[in-house]
Structure formats: C-alpha cells, structure tokens
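# Coordinate inspection notes
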Amino acid sequence: MSDGVRLATPRGRALLAATALGSGMAFLDSTVVNVALPTIGRELDATLAALQWTVNAYTLTLAALILLGGSLGDRLGRRRVYLVGVVWFTAASVLCALAPTVEVLIAARALQGIGGALLTPGALAILQTTMHPDDRPRAIGAWAGLTGVSGVLGPLLGGWLLEYDWRWVFAINVPLAAITVWLIAVSAPESRDEEAGGRFDVAGAALGAVALGASTYALISWPENGASTLNVGMVVLSLAAAAGFLYRERTAAHPMVPLSLFSDRTFSGINLMTFAVYAGLSGVMFFIVIQLQVTLGWSPLEAGIATVPTTILMLLFSGRSADLAKRFGIRPPLVIGSLCGAVGVALLVTVGDGDSYLADVLLGVTLLGVGLTTLVPTLTATVMASAPQHLAGVASGVNNGVARAAGLLAVAALPAIAGLSGAAYEDPQLLTDAYRIAMGVCAGLLAVGAVAAMTLRPRALTEPPTTALPEPEPTPAPCSAPGLPPSHGG
C-alpha cells in the first residue's frame, strides 16, 4: 500500500492539474471581471456601487460559505463536494453570461460564489490528504502558483475576451469545468474525516455570513448615503454577528471552525499575514485595470497584457518556490516576498495620464510578480502544514475564507477611503486621485504582511503541526486503484 500519490507520476500530475484548474476558475473569476467593469458599466448602465457589487456579490458568498464548504468536504467526501462545486460554479457562470441587467448579473455572481465556496477548500484538502508526504510541499506550492497565475491571468484573459463580448468572460468556464471534472474523476480517490460527527454548525455558518454581508453593505453604501439609519444598523449587526460567531465556535459541541486551531502560533500568524497580503492584492487588481483604461486610455486587452510579467514569473517559478522554505525556513520567503510586492505596488502609485508601459508600469508589475512568486506557495504550504491532516478541509477553508474576506473588504472599503463614489470612476482626474490613495494603502498592506511574517517561528515546512488537536489513527480501507492511498487519505 502506497503512502500517497507521487507528484512525478501521470496520476499525480493529473491530480495537480485537476485541483489547480478547478480552483483556478474560482480565483480567475475573482479578477477576470475587474478588467470588464468599465465595459459592463457602459453596456448595463451601472453605477460604481453596482460595479462593486458585481465583484463583491461573488466574493461575499464565497467568503461567507467557504468554511462550510471545507467542513462539508471533510464530512461528506472531499472529491464529491469538489465535483458538486465545479458543476454549480459552471451553471452559475452560464447565468452570468446570459444576464440582461446588472441586477441579474449581481445575483448570478452570488450563485457563482456558492460554487466557489464548495470547490476551493476541497482542492487543497485533496492534495494534502492524497499526495505522498515527501511531495506535499512541492505539490501545494505548484497548486498555489498555478492558481495564483489564474488570478493575475484574469485581466489578460478578460481583455482578450472583451475584444469579442464581455459575456465570454463567464462562458469560458464551461470548457474548463468539463476538463476539470474528467481529470478529478480519473485521478482522485474519495476521502473524508472519519472522526467527524454530530450536526453541521449551521448557526456558525449563518453568523459568519451575516457578519460579512452586513459589513460589506455598509462599506459600499457609506460613501453615498453616509451615516444613515440603515448603514449604522448594518455596522451594529455586523459586529454583533461577529461576536456571536466567535461565541458559537467556542461553545458548540461540533464547531465549524475549532478555535483550538488558532492555538498554533504559526497557523494564527500566517492567516493574519494572508489577510493583509490578499487585501492589498485585491485592491491592486481592482484599481490598476480601471486606471489603465479610463485614465491612460488603454484598451481592455492592453490593460490585461500589463500583468503578463507577473503571470510568467508565477508560472515558471512557483512550483519550486516552496523549496526555499524547506531550506531556509518559512520566514525569509514570506518577508522578502511581501516587501518586494510592496515596493512593486509603490512604484505603480504614480501611474497616470501620458505614462508608458516600459517606463512606468513594467518594473512595478514585475516586482509584484517576484514578490507573489516568492511568498504565495510558502504561505499556502505553511497553512496546511500547521494543521492536523484530518482537518485539512477546515484549515484550507479558514485560510481561503480569510483571503476572500480580505479581498471583499478591500474592494468595498478602498473606494470609500479614496473618496470615489457614484460615476466618478469615469472622470480620469477624479479616478487618478483616488487610485493613488488606494494603491498607497495597498502597498502598506503588503508591508504589514511582511511584519506579520516576521513574528512567525522560523521553522521549516517539514516540521509537524504543533496544534493541540490530536490526529486520529487512520482506518485502513481498500485502495481504489494501484498506487493510491486508502480512502481516508485520498
């Protein structure tokens, strides 16, 4: 009986491709829509708030339900829930492509987020519990790099598809999903947490969703409506729901998120860093493509091509980036990567009317790419290594939820912080003033990520998790195919 699938085998490569492609669709749709926002705004007569909701309706449901998605995978079967998520996501993508109004598009994007919440944590959990222990850091690093590529590839792909019709931004998911379903069916055995029991933590999931939803509504609505009764009520509701969520998870017999996970200093620290880094990155991806189109007058395709250096760097080097953490410990790549990304974003702050790509944009996006290539694989692998294997789905769900919540709050809050609202994004001067403030904040958030990384214990990825939660003894089960691990580890 094998200890797991080896990455160098055909099955291992198919498994990596299946998880990267499926979760990559979810990451792709987090950014591919950004480049289409000006076009969608014109064709559907949408305000800035409507465009924010086009991004955040997706991110909201994904962030609010991703913890539940990870828990469902651990209980019902990781491969099963992953496949359901891929199919759901694809059906919602078709609805987005057919949307006749911005209101219908926003609703369809919310449905997309539900599918993303089911498939995203399952991808990491499948890799963590199926790959051979010796290959897990590299497999997770490659997954992180490939999915990261899908995120930064979004503006490029979106720009190309916009040469035809913005609806293809969503329709492209149909063939990608078909390939994903086939690959996962032939490469991944089923697995689940055999120790899971009791009822699902519905109350915890509901409280988390309310906290995120209410805060997002208030952030988006505040610039136009100020301290209205509704906005103030949403702030109070968000704080109350967040407090209720923490109390519920501390006292529930079967919590959706065992808070003892956070007793591990590494797990807590890496999630704090995730929040800062992904908030900054989400803000950059939201503002840069709008600035390049509205102020510099670039086409959607030209704005998308601007991110090509970041994509190439992550594609070529992310698979081996986790090796740095095995050799030098986790702190150096996390700190250096965050600082490099912060410098890259800082260089992009001054981009404005009349600037050229080679002189004013290329260096910034290249440094951002170097930073992401260095830090993202180590960040993801560290999260999974610091949690017990039988809670792989929950750990992945927590980290993905933190990342998505960070992006959700950044896209909701940054326009308000920068003083941008209504149709002001259509005015190059007003947009440029807001863009520079927002990008400065994003650079600061990446620097905060470096500070958070400095607090982590400088251990290598090969060390076992230190969380107090015990890992159950595996229960032998028949292998579903030669060379595959038993069902509890697939």
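Conventions we followed
Residues numbered from 1 in each chain as written. Predicted model: local features only at pLDDT ≥ 70, side-chain atom pairs only at ≥ 80, totals over all residues. Heavy atoms only, no water. Helix = DSSP H or I, 4+ residues; strand = E, 2+ residues; numbered from the N terminus. Buried < 20%, exposed > 50% of the residue type's maximum accessible area, 1.4 Å probe, protein only. Contact = heavy atoms within 4.5 Å. Areas by Shrake-Rupley, 256 points an atom, 1.4 Å probe, with all protein chains shown as cover. Phe/Tyr/Trp six-rings, centres within 6.5 Å; stacked < 30°, edge-to-face > 60°. Expected span 1.5 Å × (residues − 1). Bend = angle between axes of the 7 residues up to and from the residue. Salt bridge = Lys/Arg side-chain N within 4 Å of Asp/Glu carboxyl O. Polar contact = N/O pair within 3.5 Å; in protein donor to acceptor, adjacent residues only side chain to side chain. Core = buried A, V, L, I, M, F, W, Y, C linked by side-chain atoms within 4.5 Å. Axes fitted to C-alpha atoms, helices over the stretch in contact; angles between N-to-C directions. Parallel < 35°, antiparallel > 145°, perpendicular 65-115°, else oblique. Left-handed = near helix turned anticlockwise from the far one by under 90°. Nonpolar A, V, L, I, M, F, W, Y, C, P; charged D, E, K, R; others polar. pLDDT = per-residue confidence, 0-100.

### A look at the overall build of the chain
Counting secondary structure elements, the chain contains 17 helices and 0 strands. Considering the chain as a whole, with its 490 residues, one finds that 60% of them fall into the buried category. Nonlocal contacts in the chain, meaning residues at least 24 apart in sequence, comprise 86% of its contacts between residues at least 6 apart. A total accessible area of about 18,000 Å² is found for the chain, and carbon and sulfur atoms account for 67% of it.

### So, the packing of aromatic side chains
One pass over the structure, following the stated rule, counts 5 aromatic pairs. Taking 5.3 Å as the distance between ring centres and 80° as the angle between the ring planes, the aromatic pair formed by Phe286 and Phe287 counts as edge-to-face. On the basis of relative accessible area, Phe286 is assigned to the buried category, the value being 2%.

### Considerations on helix 13 (residues 331–348)
In this model helix 13 runs 26 Å from its N-terminal to its C-terminal C-alpha over 18 residues, within 8% of the 26 Å that 1.5 Å per residue would give. Within helix 13 the residues assigned to the buried category are Pro333, Leu334, Val335, Gly337, Ser338, Cys340, Gly341, Ala342, Gly344, Val345 and Leu348.

### Description of unusual backbone geometry
Phi is positive for Asp45, close to 55°, though the residue is something other than glycine. With respect to the secondary-structure elements, Asp45 resides in the loop between helix 1 (10–43) and helix 2 (48–76).

### A short note on helix 15 (residues 362–385)
Over its 24 residues, helix 15 extends 35 Å from the first C-alpha to the last, a length consistent with the 34 Å expected when each residue adds 1.5 Å. Along helix 15, the helix axis deviates most sharply at Leu375, where the bend reaches about 25°; the proline Pro377 sits within four residues downstream.

### Points about the pattern of salt bridges
Taken as a whole and assessed by the stated rule, the structure comprises 1 salt bridge. Arg6 serves as the salt-bridge partner of Asp135, at 2.8 Å between the closest nitrogen and oxygen. Of this pair, Asp135 sits in the loop between helix 4 (102–130) and helix 5 (136–161) while Arg6 sits in the segment before helix 1, and the two are 129 residues apart along the sequence.

### What to know about the side chain of Ser215
Mapped onto the elements of the fold, Ser215 is located in helix 8 (residues 202–225). Classification of Ser215 as buried rests on a relative accessible area of 18%. A distance of 3.0 Å separates the side chain of Ser215 from the backbone oxygen of Ala211, its partner in a polar contact. When near neighbours in sequence (up to four residues on either side) are disregarded, Ser215 contacts Ser238 and Leu409.

### Some remarks on the nonpolar core
Across soluble globular proteins, nonpolar side chains show a tendency to be buried alongside one another. Among the nonpolar cores identified, the biggest contains 137 residues, and Trp143, Met273, Leu292 and Leu334 are the most heavily contacted of them. Excluding residues within four positions of it along the chain, Trp143 makes contact with Leu16, Thr19, Ala20, Ser23, Phe27, Ala123, Leu124, Leu127 and Thr380.

### Focus on the side chain of Ser338
In this structure, Ser338 sits in helix 13. Apart from the residues within four sequence positions on either side, Ser338 is in contact with Met273, Val277, Leu375, Leu446, Gly449 and Ala450.

### Structural notes on the environment of Gly407
Mapping Gly407 onto the fold places it in helix 16 (residues 392–418). With 344 residues separating them in the primary sequence, Gly407 and Ala63 have C-alpha atoms 9.2 Å apart. Not counting chain neighbours up to four residues away, the residues in contact with Gly407 comprise Thr59, Tyr278, Ala279 and Ser282.

### Brief notes about the packing of helix 2 against helix 4
In helix packing, the relevant descriptors are the interaxial angle and the interaxial distance, both defined with respect to the helix axes. One way to put it is that helix 2 packs onto helix 4 with a least axis distance of 6 Å and a crossing angle of 25°. Judged by the angle between their axes, helix 2 and helix 4 are roughly parallel. Note that helix 2 runs across helix 4; the crossing there is right-handed. For the contact of helix 2 with helix 4, the class distribution of residues is 17 nonpolar, 8 polar and 1 charged.

### Digging into the confidence of the model for the chain
Scored by pLDDT, the chain comes out at a mean of 80, with 87% of its residues at no less than 70. Here residues 462–490 is modelled with pLDDT under 50, and outside its nearest four sequence neighbours on either side it reaches 74 contacts, counting other chains as well.

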